[in-house]
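Structural overview
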Amino acid sequence: QLQALTWVDPVTVENVNTGHGRRLTSKNEKNKRKSHVHGTNAFMVPFGKNEEELLGMAHFHRPNDRNPNEYARVGHHYTHAFFTISAQPPFHLKRLSAEFLLQSHHQPDDAEIIQFISGLEYHDDNLILAWGINDCEGASGRISTEVVNKMLREVESGKEVVDFMLKPGTSGVVS
């Protein structure tokens with residue numbers, strides 16, 4: 001049975017109907033609390049010591065609407081996070097990284113307003129990431145799986161991404 005992760009928060013895995021007609025057999029998730037995290041690509045890679053997890057890339061819209069803001073003249077910009085879900089049902093969030101940006105190729109002390117990681121693949125002990133820059137250029141880079149493992153934090157059973165988001169009016173700064 002082909003399955004697709006259709007939503008990261010709450011973790012929603014659906015069966016894909018490969019015949020004609022409606023492609024997904026959807027579940028009603030309307031009553032669950034949600035954050036504004038989205039799966040960046042449909043491809044997830046086996047991850048962990050015994051490949052007991054699936055690693056994916058998520059993105060957040062910052063801000064989460066398209067109103068005028070201090071970040072982007074039009075629309076919003078993206079931040080990214082690695083996440084893992086269980087490799088077998090019942091699927092649930094297992095680990096989550098903090099949000100991050102990729103360094104600009106043109107201004108090393110900054111990041112582009114629009115960067116969207118859309119590719120994720122293994123090569124040796126590295127993950128190869130591919131991303132778009134400002135909807136105009138493409139780039140790729142690598143990150144070691146050891147670094148990704150250090151970035152990922154365990155998620156308590158039953159928790160979702162929304163449980164880790166800052167509450168409105170708070171900063172993430174620790175004094």
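Position numbers for residues count from 1 along each chain, tracking the sequence in the order it is written. Where local features are concerned, this predicted model is filtered to residues with pLDDT of at least 70; where side-chain atom pairs are given and counted, the filter is 80 or more; whole-chain, interface and lining totals use all residues. The side-chain values count all of the structure's non-hydrogen atoms but skip hydrogen atoms and water molecules.

**Let's talk about unusual backbone geometry**
Omega for the peptide link from Pro-89 to Pro-90 comes to -5 degrees, which places this bond in the cis form. Within the secondary structure, Pro-90 sits in the loop between strand E6 (77-86) and strand E7 (93-96). The backbone phi angle of Asp-135 is positive, close to 55 degrees, even though this residue is not glycine. A helix here means a DSSP run of H or I that spans at least four residues, while a strand means a run of E at least two residues long, and both kinds are numbered starting from the N terminus. Summarising the element assignment, Asp-135 is placed in the loop between strand E9 (126-133) and strand E10 (137-144). Relative accessible area serves as the criterion here: at 71%, Asp-135 is assigned to the exposed category. The classification of residues rests on relative accessible area computed with a 1.4 Å probe and restricted to protein chains. Under 20% of the type maximum is buried, over 50% is exposed, and intermediate values are partly exposed.

**Some remarks on the packing of aromatic side chains**
Here a Phe, Tyr or Trp ring, Trp counted by its six-membered ring, pairs with any other such ring whose centre lies within 6.5 Å, and the pair is stacked when the planes are under 30 degrees apart, edge-to-face when over 60, and tilted otherwise. What the rule picks out here adds up to one aromatic pair. With 5.3 Å between their ring centres and 25 degrees between their planes, Phe-82 and Phe-100 make a pair best called stacked. Of the two residues, Phe-82 is situated in strand E6 and Phe-100 in the loop between E7 and strand E8 (115-123); the sequence distance between them amounts to 18 residues. A relative accessible area of 0% places Phe-82 in the buried class.

**What to know about the nonpolar core**
The biggest cluster of nonpolar side chains holds 17 residues, and the ones touching the most others in it are Leu-55, Phe-82, Ile-117, Leu-127, Leu-129, Trp-131 and Val-148. Listing elements by their share of this core, those giving two or more residues are strand E4 (45-47), strand E5 (53-62), E8, E9 and E10. One finds Ala-58, Phe-83, Leu-93 and Val-161 within the second-largest nonpolar core, a separate group that totals 14 residues. Among the buried residues, those of types Ala, Val, Leu, Ile, Met, Phe, Trp, Tyr and Cys that are joined through side-chain atoms within 4.5 Å form a nonpolar core.

**Focus: the environment of Thr-84**
One can find Thr-84 in strand E6. Along the chain, Thr-84 and Ser-97 lie 13 residues apart, while their C-alpha atoms are 9.2 Å from each other. The contact criterion used is simple: two residues touch if any of their non-hydrogen atoms lie within 4.5 Å. With residues up to four places along the chain from it excluded, the contact list for Thr-84 reads Phe-47, Glu-53, Leu-54, Leu-55, His-92, Leu-93, Lys-94, Arg-95 and Leu-152. Looking at Thr-84, its side chain comes within polar contact range of the side chain of Glu-53, at 2.5 Å. Counted as a polar contact is a pair of N or O atoms within 3.5 Å, where, for protein atoms, one must be capable of donating a hydrogen and the other of accepting one, and residues adjacent in sequence contribute only when both atoms are in side chains.

**Brief notes about the pattern of salt bridges**
A side-chain nitrogen of Lys or Arg and a carboxyl oxygen of Asp or Glu constitute a salt bridge if their distance falls within 4 Å. The tally for this structure, following the rule as stated, stands at two salt bridges. We note a salt bridge from Glu-53 to Arg-95, for which the minimum N-O separation is 3.0 Å. In this pair, Glu-53 sits in strand E5 while Arg-95 sits in strand E7, placing the two residues 42 residues apart along the sequence. The two residues Glu-53 and Arg-95 agree in class, both being buried. One salt bridge connects Glu-146 with Lys-150, and the closest N-O pair in it is separated by 3.4 Å. Here Lys-150 and Glu-146 lie together in helix H1 (residues 145-151), a separation of four residues that amounts to about one turn. Residues Glu-146 and Lys-150 agree in their burial class; the two are exposed.

**Re the sheet that holds E10**
Read across the open sheet, the three strands follow the order E8-E9-E10; overall the sheet is antiparallel. Each edge of the open sheet carries a strand with a single partner, namely E8 and E10. Strand-to-strand twist in this sheet, taken as the mean axis angle between neighbours without regard to direction, amounts to 25 degrees. In this structure, E9 lies alongside E10, joined through eight bridges in antiparallel fashion. Bridge pairing links Gly-132 to Gly-138 in E10. By the convention used here, strands pair only if DSSP detects at least 2 bridges between them. Helix axes use the C-alpha atoms of the stretch in contact, all axes being lines fitted to C-alpha atoms, and the angles between their N-to-C directions lie in the range 0 to 180 degrees.

**Topic: the pairing of E8**
With eight bridges joining them, E8 and E9 adopt antiparallel strand pairing. Opposite Gly-119, over in E9, you have Ala-130 as the bridge partner. Count of turn residues in the E8/E9 antiparallel hairpin: two residues, of which Asp-124 carries a positive phi of about 55 degrees.

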